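Listed below, chain by chain, are the residues.
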Amino acid sequence: MIHNLILKRFEKELPGIDIFVCTADPLLEPPSIVVNTVLSVMAYDYPPKKLSIYLSDDGGSDLTFYAMLEAANFSKTWLPFCKKFRVEPTSPEAYFRTASEPLSDAVNVKDWLSVKKLYEEMKMRIEATIKLNRIPDHIRKQHKGFREWDFVLSKHDHQTILQIRVSSRISNGPIILNVDCDMYSNNSKAIKYSLCLFMDEKKGDEIAYIQFLQSFDNLTKNEIYASSFRVLQQLELHGLDAIGGPCYNGSGCFHRREALCGKKYDKNYNVDWKKVSDTEADESASFLEETCKVLASCTFEHNTTWGKEMGLIYGFLVEDIITGLNIQCKGWKSMYLSPERDGFLGVAPITLLQTLVQHKRWMDGHLQVFLSRYCPLLYGYKKIPLKLRLAYCPYNLWAANCLPTLYIVVVPCLCLLKGISLFPKISSPWVFPFAYVAFVHRAYSLNEFLWCGGTFRGWCNDQRMWLFNRTTAYFFALFETILNLLGYSQLNFVVTAKVVDKEALKRYDEELIEFGATSPMFDILATLAMLNLFGSFGALKKVILDVDEDLQGLDKFGLQILLCFVLVIINLPVYQALFFRNDNGKMPNSVTYKSIIFVMLACTATMY
């Protein structure tokens with residue numbers, strides 16, 4: 001295997017790897033999830049002395065700190081266990097959920113069950129402490145680090161808290177991996193795969209970052225919320241390798257430290273891996289903690305280029321996209337990597353509202369980028385190829401897709417009720433271009449989806465979610481971004497909740513769309529669904545009651561009627577949630593009443 005040859009050839013020159021795991025809120029991102037991610041990356045198939053793991057907790061939570069102490073103690077058992085049993089994945093929760101105990105050796109069975117019991121006990125202690133929402137006094141006495149929180153006023157107002165545990169060495173590794181707290185390592189050889197590219201003698205020195213595929217371990221068979229982006233990830237992003245490389249997608253990405261820290265690429269640039277592999281420092285842990293607190297403070301980057309030209313470019317909701325673009329504009333290239341075994345697995349949203357809110361945040365950020373000085377068309381001028389600049393634009397302009405989509409959903413239906421024809425007659429030869437484009441586009445889309453491993457029902461769900469997103473999340477993103485540019489609102493980063501409700505999870509596994517909440521987005525979804533239902537009823541009335549006259553009506557309005565019926569079929573889960581479901585995932589009654597009133601007013605205004 002190539003990655004094993006890397007180890008043999010560069011054994012003494014292997015670079016240090018700094019792994020950063022990021023979390024923000026112990027309530028929305030339970031520490032038990034964070035613990036599993038940290039333990040999974042600690043167990044990489046890589047020399048332990050070359051690995052350094054850092055947890056960045058923007059929430060400044062002592063609960064998360066306690067969970068890390070538990071993880072550090074459990075790691076003394078877990079890491080040798082992973083090596084002995086060649087564990088994959090190296091997240092204990094994921095491993096024990098899917099693996100069965102070994103049957104061949106009584107000693108191995110005993111070890112296996114013992115480690116599983118230790119993990120379950122650790123998890124119970126963490127969850128009990130989280131439920132209590134405070135660290136018991138007897139636990140606080142176990143580590144001096146808990147005293148740091150005695151001076152914390154709130155998670156938004158506290159001193160720099162920095163703890164170095166396990167080692168008295170702080171690293172400065174030439175390669176950095178950043179991982180979201182819910183994206184555990186699913187492939188212990190991911191580091192070796194990335195080094196095969198970074199250390200390539202011909203092209204390796206021009207690569208700034210290597211982006212792994214983002215996959216999820218909780219997707220349903222037919223991907224009810226279309227969270228996998230399978231076509232985008234398996235086809236589109238791979239294609240970008242030929243024109244400079246993919247964008248940086250935030251998690252599961254290996255960075256060259258020099259590129260991330262602002263260095264411009266030079267054709268004569270060459271890495272001496274032996275030199276950069278020596279990252280040890282002799283200072284004590286206590287000395288390093290005090291000196292590094294200055295670096296970790298919120299004011300360190302003031303009056304510097306950090307956050308503007310160096311490190312992550314912040315001030316945007318999609319700081320990853322901006323950062324990747326900035327690096328590429330300095331002459332570096334990137335690569336997309338998707339080994340047969342996924343490098344990382346995360347948690348996809350299990351409710352519709354979580355999905356829409358997540359998409360809204362992405363679209364807010366992308367449109368914000370396009371309308372800023374970092375617009376790829378302008379910022380990348382003469383810095384990156386035109387093809388790569390254009391490749392950024394479809395994602396930056398996703399939010400603007402709401403306008404033509406809302407037109408297609410609303411106007412043809414209202415015009416049908418009013419008797420206004422928008423499309424050629426069915427008997428006209430001009431109908432063929434419309435029919436050809438519609439059929440070929442959908443057939444091509446279906447073929448792509450199936451080729452990428454999806455199912456037909458999965459493709460249908462994908463089409464439904466594109467409609468839901470464009471008429472709600474994208475619309476709100478466009479509206480809020482414009483207000484932000486005019487100075488009337490502030491864009492906020494909303495953390496997607498990772499807490500799982502058991503009833504909602506059961507409905508998710510059954511592939512029932514979870515509404516079950518009041519939201520302006522649901523008001524729009526329900527109103528548009530009801531509008532097309534009313535339009536379909538109006539069309540049926542004409543067909544049934546006006547048979548003689550409606551032969552001409554079908555010829556004149558056939559495409560509009562077909563469009564209404566297609567939209568009704570797409571919205572079947574909405575009608576089910578509005579009128580037929582009795583579980584907690586149904587559409588709230590207030591949403592049902594409002595949608596009926598809105599549609600009746602719209603239809604009345606149209607008719608008269």
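Residues numbered from 1 in each chain as written. Predicted model: local features only at pLDDT ≥ 70, side-chain atom pairs only at ≥ 80, totals over all residues. Heavy atoms only, no water.

Looking up the protein in an unreviewed UniProt entry gives the name Cellulose synthase-like protein E1, with the organism given as Gossypium australe. The UniProt entry for the protein carries the following comment under Subcellular location (unreviewed entry): "Golgi apparatus membrane". Word for word, the UniProt comment on the protein under Function (unreviewed entry) is "Thought to be a Golgi-localized beta-glycan synthase that polymerize the backbones of noncellulosic polysaccharides (hemicelluloses) of plant cell wall." (UniProt positions renumbered as here; feature names shortened; annotations may be inferred.)

Student: Describe in detail the pairing of strand 3 (residues 175-180), supporting the description with residues and values.
Tutor: Regular strands place side chains that alternate from one sheet face to the opposite one. Taking burial as the measure, the six residues of strand 3 include five buried ones, the bulk of the element. Here strand 1 (residues 17-23) pairs with strand 3 via six bridges, running parallel. By the bridge assignment, isoleucine 19 is partnered in strand 3 with leucine 177. Sheet topology places strand 3 next to strand 7 (residues 253-256); four bridges connect them, and they run antiparallel. (Buried < 20%, exposed > 50% of the residue type's maximum accessible area, 1.4 Å probe, protein only. Helix = DSSP H or I, 4+ residues; strand = E, 2+ residues; numbered from the N terminus. Pairing = 2+ DSSP bridges.)

Student: Any details on the UniProt feature "transmembrane region" (unreviewed entry) in the protein? Residues and values, ideally.
Tutor: Those places that UniProt annotates as "transmembrane region" (unreviewed entry) correspond, in this numbering, to residues 473-495, 515-537 and 557-579. From the first C-alpha to the last, residues 515-537 spans 25 Å; its make-up is 78% helix and 0% strand. Helix makes up 96% of residues 557-579 and strand 0%, whereas the separation of the span's terminal C-alpha atoms amounts to 29 Å.

Student: How would you explain the side chain of glutamate 29 if you had to name every residue and give the values?
Tutor: Structurally, glutamate 29 can be placed in the loop between strand 1 and helix 2 (31-42). Within polar-contact distance, the side chain of glutamate 29 engages the side chain of threonine 23 at 2.9 Å. (Polar contact = N/O pair within 3.5 Å; in protein donor to acceptor, adjacent residues only side chain to side chain.)

Student: Explain unusual backbone geometry to me, and be specific about the residues and the numbers.
Tutor: Of note, the amide linkage connecting glutamate 88 to proline 89 takes the cis form, showing an omega dihedral of -5°. Position of proline 89 relative to the elements: it lies in the loop between helix 3 (62-85) and helix 4 (92-98). The backbone phi angle of alanine 226 is positive, close to 50°, even though this residue is not glycine. In this fold, alanine 226 is placed in the loop between strand 6 (215-216) and helix 8 (230-239). Judged by its relative accessible area of 8%, alanine 226 falls in the buried class. Its identity is not glycine, yet glutamate 511 carries a phi of approximately 60°, on the positive side. Secondary-structure assignment places glutamate 511 in the loop between helix 20 (502-509) and helix 21 (520-545).

Student: Account for the sheet that holds strand 4 (residues 184-185), naming residues and giving values.
Tutor: Pairing is mixed in the open sheet, where three strands are placed in the order 4-9-6. This sheet does not close on itself; its edge strands, each paired only once, are strand 4 and strand 6. Across two bridges, strand 6 lies against strand 9 (residues 344-346) in parallel orientation. Paired with phenylalanine 216 across the strands is glycine 346, a residue of strand 9.

Student: Which residues make up the pattern of salt bridges, and what values do they have?
Tutor: With the rule as written, the count across this model stands at 20 salt bridges. One salt bridge in this structure joins arginine 341 and glutamate 88, with 3.8 Å as the shortest N-O distance. Of this pair, arginine 341 sits in the loop between strand 8 (333-337) and strand 9 while glutamate 88 sits in the loop between helix 3 and helix 4, and the two are 253 residues apart along the sequence. Using a relative accessible area of 33% as the deciding quantity, one classes arginine 341 as partly exposed. Of the charged contacts in the structure, one is a salt bridge between lysine 594 and aspartate 523, with a shortest N-O distance of 3.1 Å. Here the residue lysine 594 occupies a position in helix 24 (residues 589-607), and aspartate 523 occupies one in helix 21, the gap between them amounting to 71 residues. (Salt bridge = Lys/Arg side-chain N within 4 Å of Asp/Glu carboxyl O.)

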